[in-house]
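Overview (structure and organization)
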Amino acid sequence: MSTSELGLRTWWIREPGKPAIYRIAIGGLITALGSDATAVAFGFYLYDRTGSALWLSIWFFLSFGITGVLTPVFGWLADRFDRRRLILFSDVAAAACSTALIAAHDPVVLVAIAFVASIVGRAGSPSFAAALPNLAGEERLEWANGTLGVAFNIGRLVGPIVGGALYVAAGRSVVFGFDAVTYLVAGASIWSLLVPFRAADADDRTDAEEAAETKSGVLRGFSIVFADRRLRALIFIWAAGYFAVDIVLVGELPLARALGAGALAFGVLEAAWGGGSILGSLLGRKLREDQDVLGISIGVVGIVIGWGLIGLSPWFIPIIALSALAAVASGVEDVAAFSMIQRSASDDVRGRVFSAFQTSGLIANAIAFAIAGTIVDWLGPRSVFVLGAVVSALCVPLLRPLARQRATRTEVVPPPA
């Protein structure tokens, strides 16, 4: 066997398992690094061009608000079409958008391209989440979600540093070009996987099953979630988690300034959250299927304790440790919640079930950002931490149905003859 033939054989991965997940994790780390680097450079350049926070608000609203409306459509696509091709399309289209940003200067054009980039970038997410049990094997779901979480969180931690450094040293074009390359690298990692992205029987549906699938529609994921007591509880916990984490983002810098902390101390606080998230994902890898409820409980209680004590602390140093604690808890919860969602539905509807959770998180995200600034201005930065803790505390009663009732898989049922 020649060296080139050996290289091709080791390049293609044909069986589900750890090699496939490690390759995806590398691509995910690189993509997260490029995306967060671009977010920093784009924000700086847009503000430099306009001098207006309004343009930043428009960018956030379009990128994180409007695109959330399309998430159920992406879930439907994941259940109807080739998931591997959808993910590849998402990566290549996102790379094209990043490349287009290099030539853009007008704020309207910049935001428009960023809006399109956010749409195509999210398009493959439900496909990937729905395919993961097939790529990893259901017995490895916690390990797989934890491994991908570690990679993602490392990218999120390092990406802003890389973006800021490249923007200062080489300009925005280099950052945007770097981002385009990272998407192509991620696409290559997906292209190399010849593992089925759908269940073996998903492509053998009868005409009646196809008709039922079409009739079930884009919003089928929501009907599945709200028909199952366990998933109904989980989606509220999921949304509350997004809200609790996002609302404090607005209060972190004002709280640091109120306690006399400088830029370096604030950077340490941000690093504590990033490092805690990585550790949480690592711990989540150790969970078993019967420990998913435990992992979610750790997340809820950890946020209550962390945010609540931050809201009461008169000193900045304990806040760093408490932020790391909350981040660890949140990282464990993410792994457990993802795994529970992926096991909750059959392959034919998994994309839409996941998109229902994604949509709820994006709605919570929008609400948190919409009210956080006003709350900080009126009541001070501690108030958003207390509010985040209270919202998480309201989820504690919802842990009971998670523990007492096991979610049942929802199959696509053909209509009666």
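It should be noted that the structure appears before, not after, this text.
My aim in this report is to walk through the structure given alongside it, one point at a time. (Residues numbered from 1 in each chain as written. Predicted model: local features only at pLDDT ≥ 70, side-chain atom pairs only at ≥ 80, totals over all residues. Heavy atoms only, no water.)

**Looking at the nonpolar core**
Which entries qualify depends on this criterion: For our purposes a nonpolar core is just a set of buried Ala, Val, Leu, Ile, Met, Phe, Trp, Tyr and Cys residues, chained together by side-chain atoms within 4.5 Å. Relative accessibility under 20% of the residue-type maximum defines a buried residue, over 50% an exposed one, and the middle range a partly exposed one, all with a 1.4 Å probe and only protein chains included. Each helix is a run of H or I in the DSSP string that is no shorter than four residues. Each strand is a run of E no shorter than two, and both are numbered from the N terminus. By definition in these notes, contact holds between two residues if any of their heavy atoms fall within 4.5 Å.
Judged by nonpolar contacts, the single largest core of 58 residues is most densely connected at L234, I247, I296, W307, F357 and L402. Residue assignment for this core shows that the elements contributing at least two residues are α11 (220–227), α12 (229–258), α13 (263–284), α14 (292–312), α15 (317–344), α16 (350–379), α17 (382–393) and α18 (399–404). At 15 residues, α12 tops the list of elements feeding residues into this core. Not counting chain neighbours up to four residues away, the residues in contact with I296 comprise L234, I237, E333, A336, A337, M340, L399 and L402. By size, the runner-up hydrophobic cluster in this structure holds 23 residues, among which are W59, L110, I113 and Y167.

**Description of the packing of aromatic side chains**
Let me state the cut-off plainly: Pairing of aromatic rings covers Phe, Tyr and Trp, the last counted by its six-membered ring, and requires centre-to-centre distances within 6.5 Å; plane angles under 30 degrees mean stacked, over 60 mean edge-to-face, and any other angle means tilted.
Inspection of the entire model under this criterion finds eleven aromatic pairs. Here F44 and Y167 contribute two aromatic rings whose centre-to-centre distance is 5.8 Å and whose plane-to-plane angle is 25°, an arrangement assigned as stacked. Placement of F44 in helix α2 (residues 18–50) and of Y167 in helix α8 (residues 141–170) is noted, with a sequence separation of 123 residues between them. Given a relative accessible area of 18%, Y167 falls into the buried group.

**Notes on helix α5 (residues 83–103)**
Along an α-helix, residues three or four apart share an orientation, since each turn contains 3.6 residues. To keep it simple, the criterion reads: The span expected for a helix works out to 1.5 Å for each residue beyond the first. N or O atoms closer than or at 3.5 Å make up a polar contact, with two conditions inside protein: a donor-capable atom paired with an acceptor-capable one, and, for residues adjacent in sequence, both atoms drawn from side chains.
With 21 residues, α5 extends 31 Å from end C-alpha to end C-alpha; this agrees with the ideal 30 Å at 1.5 Å per step. The N-capping residue of α5, defined by a side-chain oxygen 2.9 Å from the backbone nitrogen of R84, is D82.

**Description of the side chain of R83**
Tracing the sequence through the fold places R83 in helix α5. Its relative accessible area of 0% is what places R83 among the buried residues. Engagement of the side chain of R83 in a polar contact is seen with the backbone oxygen of D347, the distance being 2.7 Å. Setting aside anything within four residues of it in sequence, one finds R83 in contact with A78, S127, A130, A131, N134, F197, R198 and D347.

**Overview of the packing of α12 against α14**
Selection rule: Each axis is a line fitted through C-alpha atoms, taken for helices only over the stretch in contact, and angles between the N-to-C directions span 0 to 180 degrees. Throughout this description, any angle smaller than 35 degrees is read as roughly parallel, any larger than 145 degrees as roughly antiparallel, any in the 65 to 115 degree range as roughly perpendicular, and the remainder as oblique. Take the far helix as the reference: if the near one is turned anticlockwise from it by less than a right angle, the crossing is left-handed, and if turned clockwise, right-handed. Ten residues, namely Ala, Val, Leu, Ile, Met, Phe, Trp, Tyr, Cys and Pro, are considered nonpolar, four, namely Asp, Glu, Lys and Arg, are considered charged, and the remaining ones, Gly among them, are considered polar.
Contact pair α12 / α14: the axes reach a minimum separation of 11 Å and the direction vectors enclose 30°. As judged from the angle between their axes, α12 and α14 are roughly parallel. Crossing angle aside, the handedness with which α12 passes α14 is left-handed. On α14, the residues touching R230, L234, I237, A244, V245, V248 and L255 of α12 are V293, I296, V300, I303, W307 and I310. Each residue belonging to the contact of α12 with α14 can be placed in one class, and the counts come to twelve nonpolar, no polar and one charged.

**Topic: α16**
Rules: To get the bend at a residue, fit one axis to the 7 residues ending there and another to the 7 starting there, then take the angle between the axes.
Over its 30 residues, α16 runs 42 Å from end to end, which matches the ideal 44 Å to within 8%, given 1.5 Å per residue. Its axis deflected by about 30° at A372, α16 carries its strongest bend there. G380 lies just past α16 and shows a positive phi near 95°.

**Things to note about the packing of α2 against α8**
It is at 6 Å that the axes of α2 and α8 come closest, and there the two elements cross at 30°. By the criterion of interaxial angle, the relationship of α2 to α8 is roughly parallel. Crossing hand, α2 versus α8: right-handed. In terms of residue class, the contact of α2 with α8 is built from 22 nonpolar, five polar and four charged.

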